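Observations on chain architecture
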Amino acid sequence: MRPSARDIAVIAVTVALLIGGQALFAALPGVEVVTVVLLSFSWSFGAARGMLTATAYSLLRCFFFGFDAKTVVLYLLYFNFFACLFGVLGGRGGGKAGAAGAKAEKEGKGEKEKISPLSAMFTEGLFLALCVLAAAVLSGAVRVSVLLQTGLNILAWVLLFIASAGAVAYNILLFFSRKYPACAAAAQTVAAAAAAAVCTVLFTLLDDALYPLFYGVRGEAAVAYFYASFTAMLPQTVCALVSVSILFRPLTRVFRRFATPRSGR
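Residues numbered from 1 in each chain as written. Predicted model: local features only at pLDDT ≥ 70, side-chain atom pairs only at ≥ 80, totals over all residues. Heavy atoms only, no water.

**So, the packing of helix 2 (residues 33-45) against helix 11 (residues 230-259)**
In a packed pair of helices, the relevant descriptors are the angle between the two axes and the axis-to-axis distance. Between helix 2 and helix 11, whose axes approach to 8 Å, the crossing angle comes to 40°. By the criterion of interaxial angle, the relationship of helix 2 to helix 11 is oblique. Crossing angle aside, the handedness with which helix 2 passes helix 11 is right-handed. Two secondary-structure elements touch here, helix 2 through T35, V36, V37, L39, S40, F41, W43, S44 and F45 and helix 11 through S243, V244, L247, F248, L251, T252, F255, R256, F258 and A259. A per-class count over the contact of helix 2 with helix 11 returns 13 nonpolar, 5 polar and 1 charged. (Axes fitted to C-alpha atoms, helices over the stretch in contact; angles between N-to-C directions. Helix = DSSP H or I, 4+ residues; strand = E, 2+ residues; numbered from the N terminus. Parallel < 35°, antiparallel > 145°, perpendicular 65-115°, else oblique. Left-handed = near helix turned anticlockwise from the far one by under 90°. Contact = heavy atoms within 4.5 Å. Nonpolar A, V, L, I, M, F, W, Y, C, P; charged D, E, K, R; others polar.)

Rendered as C-alpha coordinates:
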(Lines give C-alpha, C1' and ligand atoms only; values in the text may rest on other atoms or scores of the structure.)
Protein backbone atom coordinates (compact mmCIF):
# COMPACT_ATOMS: atom_id res chain seq x y z
CA MET A 1 0.00 0.00 0.00
CA ARG A 2 1.33 3.43 -1.02
CA PRO A 3 -0.30 6.11 1.17
CA SER A 4 -1.48 9.25 -0.63
CA ALA A 5 -1.00 12.79 0.62
CA ARG A 6 -4.58 12.66 1.88
CA ASP A 7 -3.83 9.46 3.82
CA ILE A 8 -0.71 10.99 5.37
CA ALA A 9 -2.63 14.08 6.46
CA VAL A 10 -5.45 12.05 8.04
CA ILE A 11 -2.97 9.71 9.75
CA ALA A 12 -1.02 12.69 11.12
CA VAL A 13 -4.16 14.28 12.56
CA THR A 14 -5.26 10.95 14.06
CA VAL A 15 -1.86 10.40 15.70
CA ALA A 16 -2.09 13.91 17.17
CA LEU A 17 -5.56 13.06 18.52
CA LEU A 18 -4.24 9.83 20.05
CA ILE A 19 -1.31 11.53 21.79
CA GLY A 20 -3.38 14.53 22.84
CA GLY A 21 -6.17 12.33 24.15
CA GLN A 22 -3.76 10.22 26.17
CA ALA A 23 -2.11 13.33 27.62
CA LEU A 24 -5.46 14.94 28.43
CA PHE A 25 -6.83 11.91 30.30
CA ALA A 26 -3.55 10.59 31.71
CA ALA A 27 -4.58 11.56 35.25
CA LEU A 28 -7.82 9.57 35.01
CA PRO A 29 -7.13 5.83 35.33
CA GLY A 30 -9.12 3.56 33.05
CA VAL A 31 -10.12 6.14 30.41
CA GLU A 32 -9.59 4.46 27.02
CA VAL A 33 -9.50 7.32 24.50
CA VAL A 34 -6.73 5.68 22.45
CA THR A 35 -8.72 2.46 22.17
CA VAL A 36 -11.90 3.98 20.75
CA VAL A 37 -10.16 6.43 18.39
CA LEU A 38 -7.74 3.88 16.91
CA LEU A 39 -10.49 1.26 16.70
CA SER A 40 -12.82 3.58 14.77
CA PHE A 41 -10.00 4.77 12.50
CA SER A 42 -8.83 1.23 11.66
CA TRP A 43 -12.43 0.07 11.12
CA SER A 44 -12.96 2.91 8.65
CA PHE A 45 -9.62 3.08 6.83
CA GLY A 46 -8.54 -0.56 6.91
CA ALA A 47 -5.75 -2.58 8.47
CA ALA A 48 -2.83 -1.10 6.49
CA ARG A 49 -3.53 2.54 7.35
CA GLY A 50 -4.50 1.56 10.87
CA MET A 51 -1.14 -0.13 11.39
CA LEU A 52 0.72 2.90 10.00
CA THR A 53 -1.14 5.06 12.51
CA ALA A 54 -0.47 2.62 15.36
CA THR A 55 3.27 2.53 14.57
CA ALA A 56 3.57 6.31 14.33
CA TYR A 57 1.67 6.77 17.59
CA SER A 58 3.73 4.13 19.43
CA LEU A 59 6.99 5.85 18.47
CA LEU A 60 6.04 9.55 18.63
CA ARG A 61 4.42 9.28 22.06
CA CYS A 62 7.95 8.73 23.46
CA PHE A 63 8.67 12.43 22.92
CA PHE A 64 5.83 13.33 25.29
CA PHE A 65 5.75 10.49 27.81
CA GLY A 66 9.42 9.44 27.87
CA PHE A 67 11.28 6.54 26.35
CA ASP A 68 11.01 3.11 27.90
CA ALA A 69 12.10 0.08 25.86
CA LYS A 70 9.47 -2.26 27.32
CA THR A 71 6.66 0.21 26.69
CA VAL A 72 7.77 0.86 23.10
CA VAL A 73 7.84 -2.86 22.32
CA LEU A 74 4.51 -3.37 24.10
CA TYR A 75 2.81 -0.58 22.15
CA LEU A 76 4.28 -1.61 18.80
CA LEU A 77 3.19 -5.23 19.21
CA TYR A 78 -0.21 -4.58 20.73
CA PHE A 79 -1.47 -1.60 18.75
CA ASN A 80 -0.37 -3.02 15.40
CA PHE A 81 -2.26 -6.23 16.21
CA PHE A 82 -5.19 -4.10 17.42
CA ALA A 83 -5.29 -2.01 14.23
CA CYS A 84 -4.96 -5.09 12.02
CA LEU A 85 -7.79 -6.87 13.86
CA PHE A 86 -10.29 -4.03 13.63
CA GLY A 87 -9.22 -3.14 10.10
CA VAL A 88 -10.13 -6.67 9.05
CA LEU A 89 -13.33 -6.70 11.12
CA GLY A 90 -14.37 -3.40 9.55
CA GLY A 91 -14.04 -4.96 6.11
CA ARG A 92 -12.80 -1.75 4.55
CA GLY A 93 -9.35 -2.89 3.49
CA GLY A 94 -8.35 0.67 2.66
CA GLY A 95 -8.74 0.11 -1.08
CA LYS A 96 -11.47 0.56 -3.69
CA ALA A 97 -13.95 -1.55 -1.76
CA GLY A 98 -13.49 0.60 1.32
CA ALA A 99 -13.83 3.81 -0.65
CA ALA A 100 -16.97 2.53 -2.35
CA GLY A 101 -18.51 1.56 0.96
CA ALA A 102 -17.73 4.91 2.53
CA LYS A 103 -19.04 6.74 -0.57
CA ALA A 104 -22.32 4.83 -0.45
CA GLU A 105 -22.70 5.71 3.20
CA LYS A 106 -21.96 9.39 2.55
CA GLU A 107 -24.51 9.55 -0.29
CA GLY A 108 -27.20 8.35 2.07
CA LYS A 109 -27.63 4.87 0.67
CA GLY A 110 -27.21 3.47 4.14
CA GLU A 111 -24.65 1.18 5.64
CA LYS A 112 -25.64 -2.43 5.06
CA GLU A 113 -24.02 -4.41 7.79
CA LYS A 114 -23.81 -8.14 7.25
CA ILE A 115 -23.21 -10.40 10.19
CA SER A 116 -21.88 -13.82 9.24
CA PRO A 117 -22.31 -16.91 11.44
CA LEU A 118 -18.54 -16.92 12.01
CA SER A 119 -18.64 -13.30 13.18
CA ALA A 120 -21.54 -14.11 15.51
CA MET A 121 -19.67 -17.07 17.02
CA PHE A 122 -16.57 -14.91 17.44
CA THR A 123 -18.54 -12.23 19.30
CA GLU A 124 -20.27 -14.79 21.54
CA GLY A 125 -16.82 -16.14 22.44
CA LEU A 126 -15.65 -12.64 23.37
CA PHE A 127 -18.53 -12.13 25.78
CA LEU A 128 -17.91 -15.57 27.26
CA ALA A 129 -14.24 -14.71 27.81
CA LEU A 130 -15.20 -11.54 29.71
CA CYS A 131 -17.66 -13.46 31.89
CA VAL A 132 -15.00 -16.08 32.66
CA LEU A 133 -12.54 -13.33 33.63
CA ALA A 134 -15.06 -11.74 36.01
CA ALA A 135 -15.96 -15.13 37.50
CA ALA A 136 -12.26 -15.91 38.07
CA VAL A 137 -11.84 -12.71 40.06
CA LEU A 138 -15.00 -13.31 42.10
CA SER A 139 -13.96 -16.90 42.87
CA GLY A 140 -10.75 -15.68 44.52
CA ALA A 141 -8.46 -17.12 41.86
CA VAL A 142 -6.76 -13.73 41.60
CA ARG A 143 -4.71 -13.25 44.76
CA VAL A 144 -4.39 -9.65 45.88
CA SER A 145 -4.30 -7.88 49.22
CA VAL A 146 -7.43 -7.65 51.35
CA LEU A 147 -7.59 -3.90 50.75
CA LEU A 148 -7.71 -4.40 46.98
CA GLN A 149 -9.98 -7.45 46.94
CA THR A 150 -13.17 -5.51 47.70
CA GLY A 151 -12.55 -3.04 44.89
CA LEU A 152 -11.68 -5.85 42.49
CA ASN A 153 -14.86 -7.73 43.39
CA ILE A 154 -16.98 -4.65 42.71
CA LEU A 155 -15.33 -4.14 39.33
CA ALA A 156 -15.72 -7.84 38.54
CA TRP A 157 -19.46 -7.67 39.27
CA VAL A 158 -19.75 -4.61 37.03
CA LEU A 159 -17.85 -6.38 34.25
CA LEU A 160 -19.96 -9.52 34.65
CA PHE A 161 -23.17 -7.50 34.46
CA ILE A 162 -22.05 -5.51 31.39
CA ALA A 163 -20.77 -8.61 29.58
CA SER A 164 -23.95 -10.58 30.33
CA ALA A 165 -26.20 -7.68 29.31
CA GLY A 166 -24.12 -7.19 26.17
CA ALA A 167 -24.45 -10.85 25.23
CA VAL A 168 -28.23 -10.71 25.67
CA ALA A 169 -28.48 -7.45 23.70
CA TYR A 170 -26.28 -8.83 20.94
CA ASN A 171 -28.42 -11.93 20.48
CA ILE A 172 -31.61 -9.87 20.39
CA LEU A 173 -30.12 -7.51 17.81
CA LEU A 174 -28.82 -10.48 15.85
CA PHE A 175 -32.29 -11.98 15.75
CA PHE A 176 -33.79 -8.84 14.22
CA SER A 177 -30.78 -7.91 12.06
CA ARG A 178 -32.04 -9.56 8.86
CA LYS A 179 -35.27 -7.60 8.94
CA TYR A 180 -34.03 -4.31 10.35
CA PRO A 181 -30.68 -2.91 9.11
CA ALA A 182 -30.42 -0.65 12.17
CA CYS A 183 -30.29 -3.74 14.38
CA ALA A 184 -27.41 -5.13 12.32
CA ALA A 185 -25.47 -1.88 12.74
CA ALA A 186 -26.16 -1.90 16.49
CA ALA A 187 -25.02 -5.53 16.70
CA GLN A 188 -21.75 -4.53 15.04
CA THR A 189 -21.28 -1.84 17.68
CA VAL A 190 -21.83 -4.36 20.47
CA ALA A 191 -19.38 -6.76 18.80
CA ALA A 192 -16.75 -4.00 18.46
CA ALA A 193 -17.15 -3.10 22.14
CA ALA A 194 -16.70 -6.73 23.20
CA ALA A 195 -13.61 -7.12 21.01
CA ALA A 196 -12.14 -3.91 22.44
CA ALA A 197 -12.69 -5.16 25.99
CA VAL A 198 -10.98 -8.50 25.27
CA CYS A 199 -8.09 -6.66 23.58
CA THR A 200 -7.70 -4.59 26.75
CA VAL A 201 -7.26 -7.82 28.70
CA LEU A 202 -4.70 -9.02 26.14
CA PHE A 203 -2.79 -5.74 26.51
CA THR A 204 -2.37 -6.37 30.24
CA LEU A 205 -1.35 -9.99 29.71
CA LEU A 206 1.24 -8.95 27.12
CA ASP A 207 2.59 -6.36 29.54
CA ASP A 208 2.81 -9.07 32.23
CA ALA A 209 4.82 -11.25 29.81
CA LEU A 210 7.23 -8.48 28.76
CA TYR A 211 7.89 -7.07 32.23
CA PRO A 212 10.04 -10.02 33.49
CA LEU A 213 11.93 -10.17 30.18
CA PHE A 214 13.00 -6.52 30.23
CA TYR A 215 13.61 -6.08 33.95
CA GLY A 216 14.90 -9.52 34.92
CA VAL A 217 12.12 -10.10 37.43
CA ARG A 218 11.59 -13.72 38.42
CA GLY A 219 9.62 -15.87 40.80
CA GLU A 220 7.27 -14.29 43.31
CA ALA A 221 8.00 -10.75 42.14
CA ALA A 222 6.77 -11.57 38.62
CA VAL A 223 3.67 -13.27 40.03
CA ALA A 224 2.98 -10.27 42.27
CA TYR A 225 3.24 -7.92 39.26
CA PHE A 226 0.80 -10.14 37.37
CA TYR A 227 -1.83 -10.02 40.10
CA ALA A 228 -1.32 -6.32 40.78
CA SER A 229 -2.04 -5.57 37.11
CA PHE A 230 -5.66 -6.65 37.61
CA THR A 231 -6.32 -3.44 39.56
CA ALA A 232 -5.64 -1.47 36.37
CA MET A 233 -7.00 -3.98 33.88
CA LEU A 234 -10.55 -4.30 35.18
CA PRO A 235 -11.45 -0.58 35.14
CA GLN A 236 -9.83 -0.23 31.72
CA THR A 237 -11.86 -3.18 30.43
CA VAL A 238 -15.13 -1.74 31.72
CA CYS A 239 -14.24 1.67 30.29
CA ALA A 240 -13.40 0.15 26.90
CA LEU A 241 -16.82 -1.52 26.78
CA VAL A 242 -18.66 1.68 27.66
CA SER A 243 -16.62 4.15 25.58
CA VAL A 244 -16.69 2.03 22.41
CA SER A 245 -20.43 1.38 22.82
CA ILE A 246 -21.08 5.13 22.95
CA LEU A 247 -18.49 6.61 20.57
CA PHE A 248 -17.92 3.89 17.96
CA ARG A 249 -20.73 4.87 15.56
CA PRO A 250 -20.20 8.67 15.67
CA LEU A 251 -16.43 8.37 15.22
CA THR A 252 -16.79 5.79 12.45
CA ARG A 253 -19.14 8.07 10.52
CA VAL A 254 -16.66 10.94 10.79
CA PHE A 255 -13.67 8.84 9.73
CA ARG A 256 -15.52 7.28 6.80
CA ARG A 257 -16.32 10.72 5.46
CA PHE A 258 -12.60 11.41 5.29
CA ALA A 259 -12.02 7.95 3.80
CA THR A 260 -14.25 8.85 0.85
CA PRO A 261 -12.30 10.25 -2.11
CA ARG A 262 -13.78 13.53 -3.37
CA SER A 263 -14.32 13.65 -7.09
CA GLY A 264 -12.88 16.55 -9.03
CA ARG A 265 -10.25 17.41 -6.42
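The discussion continues.
**Considering the pattern of salt bridges**
Under the counting rule described, the total for this entry stands at 2 salt bridges. Between D7 and R49 there is a salt bridge whose closest N-O contact spans 3.0 Å. With D7 in helix 1 (residues 5-24) and R49 in helix 3 (residues 47-60), this residue pair connects regions lying 42 residues apart in the sequence. Residue K70 is joined to D207 by a salt bridge in which the shortest nitrogen-to-oxygen separation is 2.6 Å. Within this pair, whereas K70 is found in helix 5 (residues 69-90), its partner D207 is found in helix 9 (residues 181-215), the two being separated by 137 residues in sequence. Across the pair, exposure class does not vary: K70 and D207 are buried alike. (Salt bridge = Lys/Arg side-chain N within 4 Å of Asp/Glu carboxyl O. Buried < 20%, exposed > 50% of the residue type's maximum accessible area, 1.4 Å probe, protein only.)

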